[in-house]
Amino acid sequence: METLLKISNLSPRARQFVNWSVNVGSVLVCLLVLPTRLPGMELLGIGPNWLLIWVVAWSVKRSPFHGAVAGLALGMIQDGMTSPDPTHALSLMLVGILTARLQKQRWIQEDFISVALIVFGMTMLAGTVTALQYLLQGSRSWAEIWVAHERITLSSAILTSLWAPVVYYPLNRWWEGTKVQQS
Amino acid sequence: MFTLRRWWDRHWLQVVLVGLTLGTAWVIEQTQGAAIFEVYQSLTRPFQSNPNQQEKLINARVQEMLVQLSQLQTENQKLKQLLGYVAERKQPGIVAPIVGHSADQWWQEVTLGRGTKHGIQVGSYVMAPGGLVGRVVSVTPHTSRVLLISDAASRVGVMVSRSHQMGYMRGQDSHKAVMQFFDKVLDVRPGDVLVTSSVSQLFPSGLPVGRVESLNLQKSPAPEAAIEFTAPISYLEWVVVYPPTSE
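Since we're looking at a predicted model, the values are computed, not measured.

Caption draft 1: The arrangement of the overall build of chain A in detail. Counting its secondary structure elements, chain A contains 8 helices and 0 strands. The secondary structure elements of chain A, listed N-terminal to C-terminal, are α-α-α-α-α-α-α-α. With 183 residues in all, chain A has 50% of them scored as buried. Long-range pairs, those at least 24 residues apart, make up 69% of the contacts in chain A between residues at least 6 apart in sequence. When the accessible area of chain A is evaluated, it comes to approximately 9,100 Å², of which 71% is carbon and sulfur surface. If you average the places of the 13 positive and of the 9 negative side-chain charges in chain A, the two averages end up 12 Å apart.

If you want it as structure tokens, here you go:
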């Protein structure tokens with residue numbers, strides 16, 4: 001809270017600048033954690049999907065448009081880091097839009113478990129979208145994609161939802177704080 | 001016109017920010033995340049292991065030598081029948097630590113802590129104690145990204161070193177692959193050793209790859225074999241990179 005008090009002394013422009021550096025900085029941290037496999041972050045060789053957590057955290061209390069833009073941008077970056085074929089932009093954009101459409105705060109006040117559940121569902125959805133893209137491409141057989149989808153999506157969904165609060169909690173605190181200041 | 005003007009006055013900042021965000025994302029995509037991997041490399045450098053201190057993988061090294069030996073024996077027999085064979089000269093490799101894994105679960109890739117500054121180029125092939133591991137698909141000054149042979153997108157031309165029967169291999173997960181043979185009638189047994197084939201364009205021939213685990217001869221259109229990699233791909237900490245084969 002102390003930092004927030006200091007920020008309230010800043011001019012609106014400077015405040016906005018600090019806010020955007022926090023956004024960009026947190027994305028950068030997620031991107032840098034992506035290639036690491038620290039102990040406890042791995043299940044059957046599969047790590048959590050940090051970018052998806054960020055997109056869900058961002059979209060949960062924002063409009064579908066905001067969610068779509070964040071998903072598109074992070075999806076494009078992840079494409080650059082892996083391969084653009086099949087694209088991540090589509091799945092993350094969908095995750096952003098749907099998370100915003102849920103309008104969670106209207107139904108549930110509680111944050112931790114509901115966000116973890118949303119992340120779980122969204123990871124399954126993103127995995128399914130990727131699998132469907134592979135299917136349309138036709139480079140792999142149906143059975144092969146199904147086995148890979150089952151193996152990847154389930155462990156990824158469990159891990160990602162367990163790690164979700166680590167990203168969600170500090171970011172949400174920050175965004176709540178800045179919202180209070182603006183109003 | 002007036003409404004447009006009012007909308008712009010109210011939303012210009014948002015439009016600019018959205019444009020900026022998507023523009024940056026696009027640039028990162030086009031450069032294949034080079035900046036991110038460079039930052040990653042400089043941040044993780046203090047935590048990286050020193051390749052020279054790795055003694056644990058000696059066992060895998062012995063296995064690689066056994067594979068190479070059996071390959072050399074068959075090759076030697078063939079050579080006795082041939083004349084005028086020009087020996088290939090082996091170039092020195094670059095030892096590189098593995099600093100990162102793939103940024104998504106659907107791809108089997110690793111990031112190495114060496115790049116163009118150390119002489120690595122796109123198309124270089126990557127070996128580890130145990131055998132072939134993959135191929136460099138993109139490089140930055142200090143990092144390079146390797147598509148592993150365990151990725152479903154990487155197809156390697158392989159042959160059974162005992163009977164010289166050819167086929168190609170497709171990755172499945174971190175320690176398994178499927179090989180499809182070109183022939184219908186096979187002389188292959190579980191336990192046979194696989195090496196890269198002489199018709200492979202991406203890799204030099206005779207690199208140890210894996211071992212036949214089981215066979216499915218009824219499979220149509222071509223018989224298949226389940227392959228187990230000889231290199232322990234998921235436990236690797238460092239690899240050796242060799243320059244591309246094409247002249």
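Having seen the structure, we can now continue with the description.
Caption draft 2: The arrangement of the sheet that holds strand E4 (residues 131-139) of chain B in detail. Residues and elements named next belong to chain B. The strand order around the closed barrel built from 6 strands is E1-E2-E5-E4-E3-E12, with neighbouring strands paired in antiparallel fashion. Strand after strand, the sheet turns through a mean of 45 degrees between neighbouring axes, direction not considered. In this sheet, strand E12 (residues 238-242) lies alongside strand E3 (residues 125-128) in antiparallel orientation, the contact comprising 3 bridges. Residue pairing in the sheet places Val126 in a bridge with Val241 of E12. Taken strand by strand, helix H2 (residues 34-44) contacts strand E1 (94-101), strand E2 (109-112) and strand E5 (144-148), and its axis lies near 105 degrees from that of E1.

Caption draft 3: Representation of the interface of chain B and chain A. Between chain B and chain A, the contact holds 33 residues from the first and 43 residues from the second. For the pairing of chain B and chain A, the buried interface totals around 3,300 Å² over both sides, and the portion due to carbon and sulfur atoms is 65%. Inspection of the region where chain B meets chain A yields 4 residue pairs in polar contact (both at pLDDT 80 or more). Within the residue set of the side of chain B that touches chain A, elements represented by two or more residues are helix H1 (2-30), H2, E1 and strand E7 (166-173) of chain B. Looking at the side of chain B that touches chain A, the element that brings in the most residues is H1(B), giving 11 residues. Among the residues making up the side of chain B that touches chain A, the classes are represented as 17 nonpolar, 9 polar and 7 charged.

Caption draft 4: Region of interest: the packing of helix H5 (residues 88-102) of chain A against helix H7 (residues 112-137) of chain A. All names here are of chain A. For the pair H5 and H7, interaxial distance at closest approach is 9 Å and the crossing angle is 145 degrees. Crossing hand, H5 versus H7: right-handed. When H5 is examined against H7, the residues Leu90, Ser91, Leu94, Val95, Leu98, Thr99 and Leu102 are found in contact with a partner set consisting of Ile118, Met122, Leu125, Ala126, Val129, Thr130 and Gln133.

Caption draft 5: Seen up close, a nonpolar patch on the surface. On the surface, A:Leu43, A:Leu44, A:Leu154, A:Ile158 and A:Leu162 cluster together to form a nonpolar patch covering roughly 490 Å² of accessible area. Among the secondary structure elements, A:Ile158 is positioned in helix H8 (residues 142-182).

Caption draft 6: Quick peek at the side chain of B:Glu109. Along the chain, the position of B:Glu109 falls in strand E2. When near neighbours in sequence (up to four residues on either side) are disregarded, B:Glu109 contacts A:Met81, A:Thr82, B:His101, B:Ser102, B:Arg145, B:Val146, B:Leu147 and B:Leu148.

Caption draft 7: A look at the pairing of E1(B). All names here are of chain B. In terms of strand pairing, E1 meets E12 through 4 bridges, oriented antiparallel. Along E12, the bridge assignment pairs Pro97 with Trp238. Where E1 and E2 come together, 3 bridges link them in antiparallel fashion. Bridge pairing in E2 links His101 to Val110.

Caption draft 8: Representation of the pattern of salt bridges within the structure. On inspection of all chains with the given rule, the structure shows 4 salt bridges over all chains. For the salt bridge of A:Glu176 with A:Lys61, the shortest nitrogen-to-oxygen distance reads 3.5 Å. With A:Glu176 in helix H8 and A:Lys61 in the loop between helix H3 (50-59) and helix H4 (64-81), this pair connects stretches of sequence that are 115 residues apart. Classification of A:Glu176 by relative accessible area gives partly exposed; the value is 34%. Put simply, B:Arg162 and B:Asp187 hold a salt bridge, and the shortest N to O gap is 3.6 Å. Of this pair, B:Arg162 sits in the loop between strand E6 (155-160) and E7 while B:Asp187 is found in the loop between strand E8 (176-181) and strand E9 (193-196), placing the two residues 25 residues apart along the sequence.

Caption draft 9: Representation of the packing of aromatic side chains within the structure. Residue and element names in this part refer to chain A. Tallying each qualifying case throughout the model produces 6 aromatic pairs over all chains. Centre to centre, the rings of Trp54 and Trp58 are 5.4 Å apart; their planes meet at 15 degrees, and the pair counts as stacked. One end of the pair, Trp54, and the other, Trp58, are both in helix H3, 4 residues apart, so they sit about a helical turn from each other. A relative accessible area of 5% means that Trp54 is categorised as buried. Aromatic pair Trp58 and Trp175: ring centres 5.4 Å apart, planes at 75 degrees, arrangement edge-to-face. Of the two residues, Trp58 sits in helix H3 while Trp175 sits in helix H8, which places them 117 residues apart along the sequence. The two residues Trp58 and Trp175 agree in class, both being buried. Following the ring pairs from residue to residue traces out a cluster consisting of Trp54, Trp58 and Trp175. The ring of Trp58 is capped by Arg62, whose NZ or CZ atom sits 3.8 Å from the centre of that ring.

About the thresholds
Residues numbered from 1 in each chain as written. Chains lettered and ligands numbered in written order. Predicted model: local features only at pLDDT ≥ 70, side-chain atom pairs only at ≥ 80, totals over all residues. Heavy atoms only, no water. Helix = DSSP H or I, 4+ residues; strand = E, 2+ residues; numbered from the N terminus. Buried < 20%, exposed > 50% of the residue type's maximum accessible area, 1.4 Å probe, protein only. Contact = heavy atoms within 4.5 Å. Areas by Shrake-Rupley, 256 points an atom, 1.4 Å probe, with all protein chains shown as cover. Lys, Arg positive; Asp, Glu negative; His and termini not counted. Charge placed at Lys NZ, Arg CZ, Asp CG, Glu CD. Pairing = 2+ DSSP bridges. Axes fitted to C-alpha atoms, helices over the stretch in contact; angles between N-to-C directions. Buried area = accessible area lost by both parts, 1.4 Å probe. Polar contact = N/O pair within 3.5 Å; in protein donor to acceptor, adjacent residues only side chain to side chain. Nonpolar A, V, L, I, M, F, W, Y, C, P; charged D, E, K, R; others polar. Left-handed = near helix turned anticlockwise from the far one by under 90°. Patch = residues over 30% accessible without salt bridge, like charges linked within 9 Å, V, L, I, M, F, W, Y side chains within 5 Å. Salt bridge = Lys/Arg side-chain N within 4 Å of Asp/Glu carboxyl O. Phe/Tyr/Trp six-rings, centres within 6.5 Å; stacked < 30°, edge-to-face > 60°. Lys NZ or Arg CZ within 6 Å of the ring centre and 35° of its normal.

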